[in-house]
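# Chains, contacts and geometry: an overview
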Amino acid sequence: MDDGMVTDLAATGTRLEEVADTAADDDVARTLGDLLEAVGEAGAEPADPVGPVGVAKALRDPDTQAGIGFLLALAKALGRATG
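Report follows, based on the coordinates. (Residues numbered from 1 in each chain as written. Predicted model: local features only at pLDDT ≥ 70, side-chain atom pairs only at ≥ 80, totals over all residues. Heavy atoms only, no water.)

## Examining the overall build of the protein
- Helix and strand content of the protein: 4 helices and 0 strands.
- Each helix and strand of the protein, ordered N terminal to C terminal, gives the series α-α-α-α.
- The C-alpha radius of gyration of the protein comes to 19 Å, more than 25% above the 12 Å expected for a compact globule of 83 residues.
- Along the first, second and third principal axes, the C-alpha set of the protein runs to 60 × 30 × 25 Å.
- Taken over 83 residues, the protein has a buried fraction of 0%.
- Element-wise, carbon and sulfur atoms account for 63% of the exposed surface of the protein, whose accessible area totals about 7200 Å².
- Separation of charge centres in the protein, based on 6 positive and 16 negative side chains, amounts to 15 Å. (Helix = DSSP H or I, 4+ residues; strand = E, 2+ residues; numbered from the N terminus. Rg over C-alpha atoms; globule rule 2.2 N^0.38 Å. Buried < 20%, exposed > 50% of the residue type's maximum accessible area, 1.4 Å probe, protein only. Areas by Shrake-Rupley, 256 points an atom, 1.4 Å probe, with all protein chains shown as cover. Lys, Arg positive; Asp, Glu negative; His and termini not counted. Charge placed at Lys NZ, Arg CZ, Asp CG, Glu CD.)

Take a look at the structure:
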């Protein structure tokens, strides 16, 4: 193992520690848990195809509105983090 490999390994360890610290945050852990639960629920059965009228009808559902609100908040935060 040369010096470059040791340096790369140390950098990787540091990045993994940062990810673990972020995931350990209570808000992050709760949100990831909710997200995984929702993915499991949504994936339990095949989804029916939805056309434009179905999308318009779905937008009246409070759960759909809350989900879209979350996705928009996620998109905004992701934009700030990557922009």
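## Observations concerning the environment of Ala56
- Within the secondary structure layout, Ala56 lies in helix H3 (residues 52-58).
- Along the backbone, Ala56 and Met5 are 51 residues apart, and their C-alpha atoms lie at a distance of 54 Å.

## Description of the environment of Lys76
- Take Lys76: it is sitting in helix H4 (residues 62-82).
- Residues Lys76 and Val39 lie 37 residues apart in sequence; the distance between their C-alpha atoms is 21 Å.

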